[in-house]
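What follows is each chain in one-letter form.
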Amino acid sequence: MSTENLKKELEAALLITDWSPTERDLRDIAIRIKGLRGTVSKIDIEKIVHDVVGSYESMATEGVDNTDLTTLLLMATKTTN
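Residues numbered from 1 in each chain as written. Predicted model: local features only at pLDDT ≥ 70, side-chain atom pairs only at ≥ 80, totals over all residues. Heavy atoms only, no water.

A. Representation of the pattern of salt bridges within the structure. Scanning all chains against the criterion turns up four salt bridges. As a salt-bridge pair, K7 and E11 come within 4.0 Å of each other at their nearest N and O atoms. Of the two residues, K7 and E11 are both situated in helix 1 (residues 3–14); the distance of four residues between them amounts to about one turn of the helix. Assessed through its relative accessible area of 24%, E11 is described here as partly exposed. Measuring nitrogen to oxygen at the nearest pair gives 3.8 Å for the salt bridge that ties E46 to K42. On the criterion of helical spacing, the pair formed by E46 and K42 is a turn pair, its members being four residues apart in helix 3 (residues 42–53). (Salt bridge = Lys/Arg side-chain N within 4 Å of Asp/Glu carboxyl O. Helix = DSSP H or I, 4+ residues; strand = E, 2+ residues; numbered from the N terminus. Buried < 20%, exposed > 50% of the residue type's maximum accessible area, 1.4 Å probe, protein only.)

Take a look at the structure:
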């Protein structure tokens, strides 16, 4: 899995509109996502992204669907292998 694909999935899942992660940032995000245990929430992913890249712009919506988080976990695992 490429980091570019992970970046696109993160943008879609978190509704990111403006950010500039490096390849290293994306690898770090993938490693941290891979290390999550139990049920993963959107907030968990948002915290990881913020911890790694700092502030980023995203759209806010109500009733966010977390089904894409499983895809992110799978992509993170494949990115770091």
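Let's pick the thread back up.
B. Just the nonpolar core, in detail. Formed by 20 residues in total, the largest nonpolar core has its most connected members in L10, W19, I29, I33, I45, V49 and L72. Contacts of I33, omitting those with residues within four sequence positions, involve L10, I45, I48, L72, L73 and A76. (Core = buried A, V, L, I, M, F, W, Y, C linked by side-chain atoms within 4.5 Å. Contact = heavy atoms within 4.5 Å.)

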